[in-house]
Amino acid sequence: MEDIVEAVTSLYKQGDWKTIVANYRSHPQRNKVLWVFPTEENFEFIANCMVQLNCETILSIGCGSGLLEWMITEATGYHVSGIEVDGAWWRCKYAPPTFIPIIFTAQKLDEAIITLLGSSSQIALLFCYFNNGPAFKEYLDKFVGKVLIIIGPADGKGVHTDPRPFGDVSEEWILHDSQEVETSKDYIAVYYRK
Ligand SMILES: C[S@@+](CC[C@H](N)C(=O)[O-])C[C@H]1O[C@@H](n2cnc3c(N)ncnc32)[C@H](O)[C@@H]1O
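The rules behind these values
Within any chain, residue numbers begin from 1 and follow the written order of that chain's sequence. Confidence filtering applies because this is a predicted model: local features only for residues at pLDDT of at least 70, side-chain atom pairs given and counted only at 80 or more, and all residues used for totals across whole chains, interfaces and linings. Heavy atoms throughout the structure, all of them, feed into the side-chain values; hydrogens and water do not. Strands are runs of DSSP state E lasting at least 2 residues, helices are runs of H or I lasting at least 4, and numbering of each runs from the N terminus. Whether a residue is buried, partly exposed or exposed follows from its accessible area with a 1.4 Å probe, protein chains only, as a fraction of its type maximum: under 20%, in between, or over 50%, in that order. Taking the helix axis as origin, the arc is that swept by the directions to the C-beta atoms. Working rule for contacts: check all heavy atoms of both residues, and any pair within 4.5 Å makes them a contact. By definition, two strands form a pair when at least two bridges between them are found by DSSP. Think of each axis as a best-fit line through the C-alpha atoms, taken over the contacting stretch in the case of a helix, with angles from 0 to 180 degrees between the N-to-C directions. Working definition: a ring pair exists when centres of Phe, Tyr or Trp rings (six-membered ring for Trp) sit within 6.5 Å. Plane angles under 30 degrees give stacked, over 60 give edge-to-face, the rest tilted. Of the two site types, the cavity is a set of points on a 1 Å grid over the protein atoms alone where a 1.4 Å probe fits but cannot get out, and the pocket is an open set with protein on both sides within 12 Å along at least five of seven lines, each lined by residues with an atom within 4 Å of a point. Grid points are joined across faces, edges and corners, and a volume is the space filled by probe spheres set on the points. Amino acids are sorted into nonpolar (Ala, Val, Leu, Ile, Met, Phe, Trp, Tyr, Cys and Pro), charged (Asp, Glu, Lys and Arg) and polar (every other residue, Gly among them).

**Student:** Would you mind going over the environment of N48 in detail, with residue names and values included?
**Tutor:** Relative to the elements of secondary structure, N48 occurs in helix α3 (residues 40–52). With relative accessibility at 43%, the residue N48 sits in the partly exposed group. Here the alpha-carbon distance between N48 and T76, two residues 28 residues apart in the chain, equals 9.2 Å.

Next comes the structure, spelled out in C-alpha cells:
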C-alpha cells in the first residue's frame with residue numbers, strides 16, 4: 001500500500017493541498033497525518049465564517065502534524081498557528097512529519113501560551129478531534145477571542161472527542177453556523193460569544 005506520509009509530504013512540498021484533500025480523505029491510514037480532511041467547500045465555509053465574524057487569524061489547539069492548519073492557510077489565506085503538548089512523542093522516530101512550525105506547551109499551560117490566548121479578540125480558536133475536556137476548558141478560560149471552531153464527530157459516528165462539535169460548550173457560546181464534511185458525520189461547528 002502507498003505510504004500516506006510520504007505521498008502527502010511530497011504533495012505538501014509542491015503546495016498541492018487540493019490533491020491531498022481529494023485523494024487521501026478516505027485513505028485507511030489517514031489518521032497518521034490528520035483525522036478529518038475537509039473538502040474545498042468546507043474551506044470556503046471556514047473562510048466565510050472568518051469574514052462574517054471579523055476574525056483575522058486562527059490558533060489551533062492540539063494541531064498534531066499541522067496538516068489541516070497548513071491546508072487552511074493555503075485554501076483561505078488565513079494564517080493558522082498550532083499548539084501541541086510537548087512530549088517524547090514529537091521527538092521519536094515514529095512521530096508524523098510536521099507541516100507548520102508548532103508551538104509546544106507543557107500540560108499545564110505555559111505563560112507564553114496564556115499571553116497568546118489573551119493577545120487579540122480577532123483570533124478564532126480551533127479544536128479538531130481534540131480529546132482533552134479539562135484542557136479544552138482551560139484554553140477557553142484564558143481565551144479573550146470571540147470565535148470558536150470545533151471539528152469532530154457528531155453523535156452516531158461511533159468516535160468520541162472532547163469537545164464534540166455540538167453540546168459541549170457553555171451557554172455563552174452561540175452556534176453561528178455548521179457544515180458537515182461530505183456525509184462523514186464529521187462536522188465543523190463555528191461558535192461566537194457576544
Ligand atoms: C486526536 S489528536 C488530533 C490531532 C489533529 N488536530 C488532527 O485532527 O489530526 C488530539 C491532539 O490533541 C493533543 N492534545 C491533547 N491535550 C492537549 C493540550 N493540553 N494542549 C495541546 N494539545 C493537546 C494531542 O497531543 C493530540 O495530538
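What follows picks up the thread again.
**Student:** Hey, could you go over helix α6 (residues 133–142) for me, with residue numbers and the actual values?
**Tutor:** When we look at burial in α6, the residues that qualify are G133, A135, F136, Y139 and L140. The arc enclosing the buried residues of α6, seen along the axis, measures out at 160°, which places them on a common side. Exposed side of α6, more than 90 degrees from the buried face: P134, K137 and D141 are the residues found there. Buried positions along α6 lie against β1 (57–61), β2 (79–85), β3 (102–105), α5 (111–117), β4 (123–128) and β5 (147–153).

**Student:** Which residues make up the sheet that holds strand β6 (residues 174–180), and what values do they have?
**Tutor:** The seven strands are arranged β3-β2-β1-β4-β5-β7-β6 in an open sheet whose pairing can be described as mixed. Strands at the two margins of the open sheet, each flanked by one partner only, are β3 and β6. Here the strands of the sheet are splayed against their neighbours by 20° on average, with no regard to which way each runs. Summarising the sheet, β1 and β2 pair through five bridges and their orientation is parallel. In the strand pairing of β2, L59 is matched with S81. Against the sheet, α3 makes contact with β1, β4, β6 and β7 (186–192), and its axis sits at roughly 165° relative to β6, the strand it touches most.

**Student:** Explain the packing of aromatic side chains residue by residue, including any values.
**Tutor:** Scanning all chains against the criterion turns up 11 aromatic pairs. Taking the centre distance of 5.4 Å and the plane angle of 85° together, the rings of W17 and F43 count as edge-to-face. Note that W17 is positioned in helix α2 (residues 17–24) and F43 in helix α3, a separation of 26 residues in sequence.

**Student:** I'd love a proper account of the layout of surface pockets, names of residues and values included.
**Tutor:** Using a probe with the size of a water molecule, rolled over the atoms, empty space left in the structure can be pinpointed. Looking at the largest pocket, its volume works out to about 670 Å³. G62, G64, E84, Y129 and N131 are the residues nearest the centre of the largest pocket, which is lined by 34 residues in total. Among the elements of the structure, β1, α4 (67–76), β2 and α6 are those that each provide at least two residues to the lining of the largest pocket. Taken together, the residues of the lining of the largest pocket sort by class into 19 nonpolar, 11 polar and four charged. Space inside the second largest pocket adds up to approximately 240 Å³. Surrounding the second largest pocket, 15 residues form its lining, R25, R30, W35, K157 and D186 being those nearest its centre. For the lining of the second largest pocket, a count of residues per class yields six nonpolar, four polar and five charged.

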